[in-house]
Amino acid sequence: MTLQQLRYILAIVSCGSISEAAKQLFISQPSLSSAVKELEQEIGVDIFMRSSKGIVLSNEGAEFLSYARQVVEQAELLEQRYMNKQPSKKLCAISTQHYAFAVQAFVSLLKDLNTNEYECTLRETRTYEIIEDVRNMRSEIGILYLNDFNRKVIEKILKESALGFHPLFVAEPHVFISSAHPLAAKTMFEIEDLDEYPCLSFEQGEFNSFYFSEEILSTRSYKKKILVSDRATLFNLLIGLNGYTISSGVINEDLNGEHIKSVRLRTESNMQIGYITNKKANLSLLAADYVRKLKSVISDYGYPILSEEDELD
């Protein structure tokens, strides 16, 4: 077993395919496939499950990956300390629901990154895909919320996928509207106040379910509803159509602009926002640093960070 082979495994997981990893590593696909096969035969474990649709980590491969990542990181620290070797390209992937604070923490992470090369992914995506990304280790961290309505369903899926949920903070639901909205002067909304205006939600694709919705009150009947796939479109529609969406209330003017306003929504349902990780793998140094940035950003907004005792089993 060599460090090069371990680096090959990390590259394949990061890229999601052997062919793409081979391009980035500047080697042929057959050579890379052969190196992986040799390693699998040596350790007696199938690291990847192969099918016509591509490859995914096996359960044993997920465990192997966590050790491989630690070995490679420690080897690089030794090389930098004693051989004056430049650090390799930093890799990190995050999947998240559409939260400005997640983007803000990502920006802070990269600004403080002391390296000339990095390849990081921030994927704002659907709830089911966040879970799948972390389960298959395409992402180390996934950010989503739990509440009284979706908790049992999401917890069941997380448990079956060997994922852990780590709470960050509790958010009181707010409504995002345009600062020019006819009701912009209100300081508290009843949901009925908004019945005549379009409700905007993030669509969840083929795995659409009330339990996967990013917005609370997902089972409520709305007169006007628009599904969108990205935050930029949602905010444009908020402004153009006097629409609204229900979210955490954490908004960043630098990222979202000065034309969006956050107003408290009267409801008994709070949102416990946190991040999920794969129990079979330890976080990389960069991913662990991202978690610290997340907590710092959230604290700056005045939200208390939940303690380890609030973590779910």
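Details of the structure are given in the entry above.
Given the structure is predicted, the values throughout are model-derived calculations rather than measurements. All chains use their own residue numbering, which begins from 1 and follows the written sequence. Local features in this predicted model are restricted to residues of pLDDT 70 or higher, and side-chain atom pairs are both shown and tallied only at a pLDDT of 80 or more, whereas totals for entire chains, interfaces and linings draw on every residue. Computation of side-chain values covers all heavy atoms of the structure but excludes hydrogens and water.

### Concerning the pattern of salt bridges
Any Lys or Arg side-chain nitrogen located within 4 Å of an Asp or Glu carboxyl oxygen qualifies as a salt bridge. This structure, assessed with the given rule, holds 17 salt bridges. Between Glu196 and Lys223 there is a salt bridge; the shortest N-O distance is 2.6 Å. Residue Glu196 is found in the loop between strand 8 (188-189) and strand 9 (199-202), and its partner Lys223 is found in the loop between strand 9 and strand 10 (225-228); the two are separated by 27 residues along the sequence. Exposure remark for Glu196: the relative accessible area of 47% places this residue in the partly exposed category. Where Arg292 meets Asp289, a salt bridge forms, and the shortest distance between an N and an O atom there is 3.6 Å. On the criterion of helical spacing, the pair formed by Arg292 and Asp289 is a turn pair, its members being three residues apart in helix 10 (residues 285-300). Judged by its relative accessible area of 51%, Arg292 falls in the exposed class. Via salt bridges that share partners, Arg123, Asp133 and Arg138 belong to a single interconnected network. Each helix corresponds to a stretch of at least 4 residues labelled H or I by DSSP, and each strand to a stretch of at least 2 residues labelled E; elements are numbered beginning at the N terminus. Burial classes follow relative accessibility: with a 1.4 Å probe on protein chains only, a residue under 20% of its type's maximum area counts as buried, one over 50% as exposed, and anything between as partly exposed.

### A look at the packing of helix 1 (residues 3-15) against helix 2 (residues 18-25)
Relative orientation of the contacting elements helix 1 and helix 2 amounts to 120°, with a least axis distance of 8 Å. Here helix 2 runs oblique to helix 1, going by the angle between their axes. Considering the relative orientation of helix 1 and helix 2, their crossing is right-handed. On helix 2, the residues touching Tyr8, Ala11, Ile12 and Cys15 of helix 1 are Ile18, Glu20, Ala21, Gln24 and Leu25. Only Asp, Glu, Lys and Arg are considered charged, only Ala, Val, Leu, Ile, Met, Phe, Trp, Tyr, Cys and Pro nonpolar, and every remaining residue, Gly among them, polar. Class assignment for the residues of the contact of helix 1 with helix 2 results in seven nonpolar, one polar and one charged. Interaxial angle, 0 to 180 degrees, is taken between N-to-C directions of lines fitted to C-alpha atoms, where a helix line uses only the stretch in contact. Orientation is classified from the angle alone, with under 35 degrees giving roughly parallel, over 145 giving roughly antiparallel, 65 to 115 giving roughly perpendicular, and any other angle giving oblique. Handedness of each helix crossing follows the sense of rotation of the near helix against the far helix: counterclockwise by less than a right angle gives left-handed, clockwise gives right-handed. Residue contacts are counted whenever heavy atoms from the two residues lie within 4.5 Å of one another.

### Considering helix 3 (residues 29-43)
A helix is expected to span 1.5 Å for every residue after the first. Compared with an ideal rise of 1.5 Å per residue, which puts 15 residues at 21 Å, helix 3 spans 21 Å between its outermost C-alpha atoms and is within 8% of the ideal. Every buried residue of helix 3 is accounted for by Leu32, Ala35, Val36, Leu39 and Glu40. Buried residues of helix 3, seen end-on, are gathered within an arc of 135° and therefore sit on one face of the element. Among the exposed residues of helix 3, those oriented more than 90 degrees off its buried face are Pro30 and Gln41. With its phi angle positive at about 70°, Gly44 sits one or two positions after the end of helix 3. Arc, as used here, means the arc of the directions from the helix axis to the C-beta atoms.

### Re the layout of surface pockets
Of the volumes computed, that of the second largest pocket is approximately 340 Å³. Computed over the protein atoms alone on a 1 Å grid, cavities are sets of points where a 1.4 Å probe fits but cannot get out and pockets are open sets with protein on both sides within 12 Å along at least five of seven lines; a residue lines them when it has an atom within 4 Å of a point. Forming the walls of the second largest pocket are 21 residues, and the residues nearest its centre are Val56, Leu57, Arg135, Asn136 and Met137. When residues in the lining of the second largest pocket are grouped by element, the largest group, three residues, is from strand 2 (residues 54-57). Here the residues of the lining of the second largest pocket are counted per class, giving ten nonpolar, six polar and five charged. Grid points are joined across faces, edges and corners, and a volume is the space filled by probe spheres set on the points.

### Some thoughts on the packing of helix 2 against helix 3
The interhelical angle for the contact between helix 2 and helix 3, taken along N-to-C directions, is 110°, at an axis separation of 9 Å. Judged by the angle between their axes, helix 2 and helix 3 are roughly perpendicular. Here Ile18, Ser19, Ala21, Ala22 and Leu25 of helix 2 come into contact with helix 3, specifically with Gln29, Leu32 and Ser33. Within the contact of helix 2 with helix 3, the residues separate by chemical class into five nonpolar, three polar and no charged.

### Looking at the nonpolar core
Counting 42 residues, the largest nonpolar core has Phe101, Ile143, Phe169, Tyr244, Ile273 and Tyr290 as its most contacted members. Excluding residues that lie within four positions of it along the chain, Phe101 makes contacts with Ile143, Phe169, Val250, Ile273, Leu294, Val297 and Ile298. Grouped together as the second largest cluster of nonpolar side chains are 25 residues, Ile12, Val13, Leu39 and Ile55 included. Nonpolar cores are built from buried Ala, Val, Leu, Ile, Met, Phe, Trp, Tyr and Cys residues. Side-chain atoms within 4.5 Å join them into one set.

### Here we look at empty space enclosed by the protein
Within the structure shown, the criterion is met by three cavities of 30 Å³ or more. Its volume calculated, the largest cavity comes out at about 160 Å³. As for the largest cavity, its lining consists of 17 residues, and the residues nearest its centre are His98, Phe176, Phe202, Arg231 and Ser247. Elements represented by at least two residues in the lining of the largest cavity include exactly helix 5 (100-111), helix 8 (231-241) and strand 11 (244-247). Within the lining of the largest cavity, the residues separate by chemical class into nine nonpolar, five polar and three charged.

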